[in-house]
Amino acid sequence: MQLIWEGIKQSFILIFSGNREVLDIILLTLKVSGFAVIISMLMGIPAGLAIGLNNFRGKKFIVSLINTGMGLPPVAAGLFVSVFLWRSSPLGFLHLMYTPTAMIVAQVLIATPIISGVTLAAVAQINPKLKLQALSLGANRTQVLWIMVKEAKLPTLAAVMAGFGGVISEVGAVMMVGGNIKGQTRVLTTATVQMVRMGEMPMAFALVIILLVLAFAANIVLTLIQQRDNPTWIQKFWR
Amino acid sequence: MDPKILEIINLKKKFQSGFEIYIGHLTVRQNSILVIIGPNGSGKSTLIKLIDLLEKPDSGIITFDGTEITESESDKAAVRKRISVVFQEPLLFNISVYSNILLGLNLRKKNLSGKKFLFEYLIAKLDIRQLLYRNPKSLSGGEQQRVALARALILEPELLLLDEPLANIDQPSREKLRNDLFSILKDIRRSTIYVTHDRNEAMLVADEIAVMNNGKIEQTGIKGDVFSKPANEFVAKFVGVEALIEGRVTSCADSVFEVTVKRADDKNSGTETHPKIYAAGNTEISEGDNVMAAIRPEDVTIFNVSENPEVFRNSSALNFFSGKVISIEDIGFLKKIEIDCGFRMVSFITRNSVERMGLAAGKEVGASVKASSIHIFKR
C-alpha cells in the first residue's frame, strides 16, 4: 500500500515539477499511439465496412484472418516489423529500425485488425435493408458507406477505443522495434519495464498511473463523442 | 391514354433457392396507380427491388419513361433518383425524424426551399409535426412508417413504389394511415406501384391491378375487370370469388352460354338432372369447353321461396336456383350465407335481411344471379 501511495505522490511530482524526461516520454507515447490509431482507423474502418456490408467469395476466410489478427501477440507484430526493417532486410535501407516510425508501424499492425474486426461485427448487426434504402434514396457507394458508419457510430467508436487501448498498453512490439532508447524511443510502457528492472518501484508506479490517466482521458473523450445523442450530466455540465 | 412511365418485358430473375420471377409484360401508365396483389412469397417485393434497380435481373428489359435501362451503374443511379420507394419496414436511420425526411433530398442534391409547401402538406397530412425532432427509435411502428412515407413523397418521384407499407402496422393505426395515405395519393396523383396482399386495399386505391402468384403475373387489367372477370381459378379465389363452379358449356346463343354444372358426386356422363348456369360474355369460349363459372357473393340475391314460390318468374335474372341454407357466418356488418343448390353458392347480405327473412341453417331458399354477373373461363 505504501508503494502505491508513493507512486501516486511521485506521479504528481513528476508531472507538476515539469520533469523533462517524463514529459518527453508522455508526448512520445501519445504521438506513437495516436498516429498508430489514426492510421489504423483509416485502414480498419473502411475495410471492416467493405467486408461487413458485402458478400463475396472468400469472405469467411478473410473474417477468420481478421479475427486471428485481433488476438495477434504484440511480440509477433514486433518480430514481423523487425524482419522487414532490420538493416539487412528488404526495407533496411530506410533505416527505420529503432525509430518512432517503426513503433508506429508495429502498433498499426496490432490495432488495425482490432478496429476492422470490431467495425465488421458492428456493421453486421445493422439491418442490411438500410443499405438498400440508402441506395434507393439516391446515395452513391461512398455515401452508403458513410451512412453505414453513422449507423454503426457507437460500436465503431468502441472499435477505436479498443484499438487505442490495445496499442497504448502494449510493450512487446515497441520494445522490440523501438529499443527503449532514452530520449528517442522510450514510451510509458517500456519506461515502466525499465524502472521495474532497476528496482525503481515508486517511479514505475508513477509511470503506470500516468499511463492509466492517459488511457482514461482518451476513452472519456471518445465516450463523450459516442454518446452525444444522449447527453449525460457531465456533457450538460461542459455545455 | 396516358404514356407509359414504366414498361417491363420478359424480365427474369432466378434465385439460388430455385424460386424464379418471370414478368412477361407489365406497364405502369403515367399518373396511374397499379396495385400488385398476391399472396406472401409470390415475389412482389422482389419485383419492387428489380424495378428500383436494387436487384439485377438475369435477363429482360426495363424501360423507364421511354428509355431502356442499361447495365451501366451511373444510368441505374440516375433512374433510381427519379424513383422513390417505401418498404414494408420503415427503415429509418439513426438521425432525427426531420433529418430522415430530408435525407433523400440531400442525397439527390435537391433543396427544401422549393418544397416548403409540400413539406408542410405532408407533415400535416401524415400528422408527424410533433415527431420532427425525435429519434426514430422512440416512435411506434405506425409513426415510423408515416415518416418513411414523408421521406419518399417529399422527393416528388416520377414513380412511387410502395411495398406493403401498411403490412407491419397494428389494426387501428393501419386504418388511419391507410386513409391518410390514400388521400395523399389522390391529391398528388403520381405514377405509383402499390404492393399489397389485401384485396380491399387494392379495391380502394387501384386504377389497374396485377395479380401475382409464384413469381408470375397471372392477370393484369383495370380494377373492375380483374375483380369481376378473373382469368383463372387462382385469380378468382384471390379476388374474393366465393363460388367457383365446374361445368361444361352445353349451348351458346346470343352470347349467353349455358353451362351444365358438374356435381361433386358425378359418376356418369348424363347431364339431364344437373343444374344449369347461364353466363353472358366471354367470346373465347365455345360449346363443349370445360369451364369454371365464377360468382361473386355480392351479386347473389336470396329469396324467401316458401312465401312466394313463383317470385323468380318476375325477375330479369336468367339464373334462379333453389337450395338449402348450409351456414350463416358473421363477416363484419354483413352475413355470409352458404347455400347448397346442387353446388355451393355464397351470398353476402345484411344482418337486417337475415332477420327479416328469418334465415337459418336448413331453410329452403331461392338464389338468383344475372347472367352478366357470372364470369366463365376455360379450365
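Residues numbered from 1 in each chain as written. Chains lettered and ligands numbered in written order. Predicted model: local features only at pLDDT ≥ 70, side-chain atom pairs only at ≥ 80, totals over all residues. Heavy atoms only, no water.

Some details on helix H8 (residues 153-168) of chain A
Quick note on the threshold: A run of H or I in DSSP becomes a helix once it reaches four residues, and a run of E becomes a strand once it reaches two; helices and strands are each numbered from the N terminus. Helix span, expected: 1.5 Å multiplied by one less than the number of residues in the helix. Partly exposed describes any residue whose relative accessible area lies between the buried limit of under 20% and the exposed limit of over 50%, with all areas from a 1.4 Å probe on protein chains only and scaled to the type maximum.
Helix length check: H8(A) (16 residues) gives 22 Å between terminal C-alpha atoms against 22 Å at 1.5 Å per residue, within 8%. Every buried residue of H8(A) is listed here: Thr156(A), Leu157(A), Ala159(A), Val160(A), Met161(A), Gly163(A), Phe164(A), Val167(A) and Ile168(A).

With respect to helix H4 (residues 74-85) of chain A
All names here are of chain A. Just so we agree on the cut-off: Whether two residues touch is decided by their heavy atoms; if any such pair falls within 4.5 Å, the residues are in contact.
Spanning 12 residues, H4 covers 16 Å between terminal C-alpha atoms, matching the ideal 16 Å at 1.5 Å per step. Residues of H4 that are buried include every one of Ala76, Ala77, Gly78, Val81, Ser82 and Leu85, and no others. In the core, the buried residues of H4 are packed alongside helix H5 (100-124) and helix H9 (172-178).

Remarks on the interface of chain A and chain B
Applied cut-off: A quick way to say it: buried area is the sum, across both parts, of accessible area lost when two parts are put together, with a 1.4 Å probe. A side-chain nitrogen of Lys or Arg and a carboxyl oxygen of Asp or Glu constitute a salt bridge if their distance falls within 4 Å. Three classes are used, and their members are as follows: Ala, Val, Leu, Ile, Met, Phe, Trp, Tyr, Cys and Pro are nonpolar, Asp, Glu, Lys and Arg are charged, and the others, Gly among them, are polar.
Of the residues lining the interface, 15 residues belong to chain A; the matching set on chain B comes to 20 residues. When the buried area of chain A at its contact with chain B is split by residue, Gln133(A), Ser136(A) and Leu137(A) rank highest and sum to 36% of it. Ionic pairing is found between Glu89(B) and Lys129(A), a salt bridge with its closest N-O pair at 2.7 Å. Put simply, the parts of the chain that give the side of chain A that touches chain B at least two residues each are helix H6 (129-137) and helix H7 (141-151) of chain A. Partitioned by chemical class, the residues of the side of chain A that touches chain B number eight nonpolar, five polar and two charged.

With respect to the sheet that holds strand S14 (residues 290-295) of chain B
Residue and element names in this part refer to chain B. Quick note on the threshold: By definition, two strands form a pair when at least two bridges between them are found by DSSP. For helices, the fitted axis covers only the stretch in contact; all axes are lines through C-alpha atoms, and the angles between them, taken along N-to-C directions, range from 0 to 180 degrees.
Spatial strand order, S13-S12-S11-S14-S20: five strands in an open sheet with antiparallel pairing. Every other strand in the sheet has two partners, leaving strand S13 (276-280) and strand S20 (374-378) as the edge strands with one partner each. Averaged over neighbouring strand pairs, the angle between their axes works out to 45° when direction is ignored. Direction of pairing for S14 relative to S20: antiparallel, over a ladder of five bridges. Bridge pairing in S20 links Ala294 to His375.

Concerning the pairing of strand S11 (residues 243-253) of chain B
Residues and elements named next belong to chain B. Direction of pairing for S11 relative to S14: antiparallel, over a ladder of six bridges. By the bridge assignment, Ala243 is partnered in S14 with Ile295. In this structure, S11 lies alongside strand S12 (residues 256-261), joined through six bridges in antiparallel fashion. Looking across to S12, one finds that Val249 is bridged to Val259.

Topic: unusual backbone geometry
Residue and element names in this part refer to chain B. Despite not being glycine, Asp65 shows a phi value in the positive range, around 50°. Within the fold, Asp65 resides in the loop between strand S4 (59-64) and strand S5 (67-68). Asp65 sits in the partly exposed class, given a relative accessible area of 33%. At Asn214, a residue that is not glycine, the phi angle is positive and equals roughly 50°. Structurally, Asn214 can be placed in the loop between strand S9 (208-213) and strand S10 (216-222).

By themselves, these are just geometric observations and shouldn't be taken as functional.
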